[in-house]
Amino acid sequence: MIHEYQKNVLTMSKKIVLVLAVVAVILSCNKAGDNEYIVTGTIKGIDNGKTVTLEVQDQLTGQLKPIDTVKIENGKFTFTGSAKEPEMHLIQVEKVEGKIPFILENGDIDMVINKDSISITKVTGTYNNEELTSYKENGMKIQKKMMKFQNVNMAKMTEAQQKNDTVVMNSLRKEYSKFQEEFAKQSEEYLNTHPKAFISALIIEGMFNQMIPDVSKIKKYYTALDKSIKDTKHGKNIKTKLDQLTKPVAAVGATEVGSIAPDFIAPSPNGKSISLKESLGKVTIIDFWASWCAPCRAENPANVAMYNELHAKGLNIIGVSLDKDATKWKEAIAKDKLTWNQISNLKEFDDPIALTYNIKQIPSTLVLDASGKIVAKDLRGAELKAKVVELLGK
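Reading guide: rules and limits
- Residues numbered from 1 in each chain as written.
- Predicted model: local features only at pLDDT ≥ 70, side-chain atom pairs only at ≥ 80, totals over all residues.
- Heavy atoms only, no water.
- pLDDT = per-residue confidence, 0-100.
- Contact = heavy atoms within 4.5 Å.
- Disulfide = S-S within 2.5 Å.
- Buried < 20%, exposed > 50% of the residue type's maximum accessible area, 1.4 Å probe, protein only.
- Salt bridge = Lys/Arg side-chain N within 4 Å of Asp/Glu carboxyl O.
- Helix = DSSP H or I, 4+ residues; strand = E, 2+ residues; numbered from the N terminus.
- Polar contact = N/O pair within 3.5 Å; in protein donor to acceptor, adjacent residues only side chain to side chain.
- Phe/Tyr/Trp six-rings, centres within 6.5 Å; stacked < 30°, edge-to-face > 60°.
- Lys NZ or Arg CZ within 6 Å of the ring centre and 35° of its normal.
- Axes fitted to C-alpha atoms, helices over the stretch in contact; angles between N-to-C directions.
- Parallel < 35°, antiparallel > 145°, perpendicular 65-115°, else oblique.
- Pairing = 2+ DSSP bridges.
- Right-handed = clockwise from strand over helix to strand, strands pointing away.

## Here we look at the confidence of the model for the protein chain
And step 1. Averaged over all residues, the pLDDT of the protein chain is 87; the fraction at 70 or higher stands at 90%.
And step 2. Under a pLDDT of 50 for its full length, residues 1-29 has, in the predicted model, one contact with residues more than four places off or in other chains.

Structure below.
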């Protein structure tokens, strides 16, 4: 009887130990606290003591900046801290070519790195990183087909270019454009089904970089985002850009001398969205022009000389082109050596910026002081330079 009792106690003790062991394993797999991240990386073939740097893109300069550095020990490294919201970061391993993009957010983030092929690094552990990995893997399927097409048709395209065979060139370009359409379809399908994913905000932001952004489509996808994503820095940035692109024409007098110049945003020749606000200097000239406008082109040499002389002292210029043909716009910028910020919606006088500023003819200029206030309009040549010099001297 006693022996049977002891046997039952022993069996029960083993069960308790087993339960405790399972609990310990569960707890060890979820080490990060509620407002904490733990990034754990595994990399073989790298000596102890080599550094691993955590980087993020600086919002103002666009340059990558280091925010933390640790050392590899026994093939592993760990970053810890707290993230206010999800944000794209990169990992740089000393002596290893390439960087590993991932989303830094609170939680346990794990990555297994192949030092000889950084691009196949798989990042897991948190919702947004699982989603990023899945999204990239689907994108790679399209990219592999695209690369195969390039390899198969490279010689054919080269021969067609040499012979100026536009029929073959256009046919190949048409086939190649299908891959771009696949990428766009993948992104849009993702947006339709992932309103709570951080990369949905990044995809929508990227849509502003199209030569002519589809505002109605962007608005639709932004509206469908979960509040948690709308409240992030990138979500708020989307809202700001949408407001700028959809705001009504300025009221009469809003662009007259003495008024603060209404902000605007539009694509640059390389597709990057540039705003007036980020282009302001001590003195700023808004230059409305177009490649087809002979008087505008005639003014450019004087503007180039003035800019080269006074930019270091605080003069900025932002060119707003009322072009319709992107190629001719870009060719004019290169030929006239216009090195300052250039933007255009390629809508001629229907450009929303031109409508806001009530521009009826070009060339047309506005001179702003450091606060963004309009201090002069439609000055040219020596008169324009004199005003700029006067304002820079204050």
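## Section: the state of the cysteines
And step 1. Evaluation of the coordinates by the stated rule reveals one disulfide.
And step 2. With a sulfur-sulfur separation of 2.3 Å, cysteine 293 is cross-linked through a disulfide to cysteine 296. Looking along the S-S bond of the cysteine 293-cysteine 296 disulfide, the torsion reads about 75°, which is the right-handed sense.
And step 3. Residue classification places cysteine 293 among the buried positions, given a relative accessible area of 4%.

## Quick notes on the pattern of salt bridges
And step 1. Taken as a whole and assessed by the stated rule, the structure comprises 14 salt bridges.
And step 2. Lysine 178 is the partner of glutamate 175 in a salt bridge, and the nearest nitrogen-oxygen pair spans 3.2 Å. Taken as a pair, glutamate 175 and lysine 178 lie in helix H3 (residues 166-193) at a separation of three residues, close to a single helical turn.
And step 3. Between aspartate 231 and lysine 227 there is a salt bridge, with its nearest N and O atoms 2.6 Å apart.
And step 4. Its relative accessible area of 59% is what places lysine 227 among the exposed residues.

## A look at the environment of glutamate 94
And step 1. Turning to its location among the elements, glutamate 94 is positioned in the loop between strand S5 (87-93) and strand S6 (100-104).
And step 2. Between the alpha carbons of glutamate 94 and isoleucine 72 there is a distance of 9.7 Å; along the sequence they are 22 residues apart.
And step 3. Discounting residues that sit within four places of it in the chain, glutamate 94 has contacts with Lys50 and Thr51.
And step 4. Among the polar contacts listed, one links the side chain of glutamate 94 to the backbone nitrogen of threonine 51, at a separation of 2.8 Å.

## Looking at the packing of aromatic side chains
And step 1. Throughout the structure, instances matching the rule amount to nine aromatic pairs.
And step 2. Ring centres of phenylalanine 77 and phenylalanine 79 lie 5.9 Å apart, and the angle between their planes is 70°; this geometry places the pair in the edge-to-face category. In this pair, the class of phenylalanine 77 matches that of phenylalanine 79, namely buried.
And step 3. Plain terms: the ring middles of tyrosine 176 and phenylalanine 179 are 6.2 Å apart, the flat faces sit at 70° to each other, and that makes the pair edge-to-face. Taken together, the positions of tyrosine 176 and phenylalanine 179, both in helix H3 and three residues apart, correspond to about one turn of that helix.
And step 4. Here tyrosine 176 falls in the partly exposed class, since its relative accessible area comes to 25%.
And step 5. By way of ring pairs, the aromatic residues Phe149, Tyr176 and Phe179 are connected into one cluster.
And step 6. Sitting over the face of the ring of tyrosine 222, lysine 230 holds its NZ or CZ atom 5.1 Å from the ring centroid.

## Points about the packing of helix H2 (residues 127-163) against helix H4 (residues 198-207)
The geometry of a pair of packed helices is captured by two quantities: the angle between their axes and the separation between those axes.
And step 1. At a minimum axis separation of 8 Å, H2 and H4 run at an interaxial angle of 50°. Between H2 and H4, the angle falls in the class oblique. Along the contact surface, H2 presents Asn128, Glu131, Leu132 and Tyr135, while H4 presents Phe198, Ile199 and Ile203.

## Looking at the pairing of strand S12 (residues 315-321)
And step 1. In terms of burial, S12 is a largely internal element, seven of the seven residues being buried.
And step 2. Where strand S11 (residues 283-289) meets S12, seven bridges bridge the pair, whose relative direction is parallel. Bridge pairing in S12 links threonine 284 to asparagine 316.
And step 3. Read as a crossover between parallel neighbours, the route from S11 over helix H8 (residues 294-310) to S12 is right-handed.

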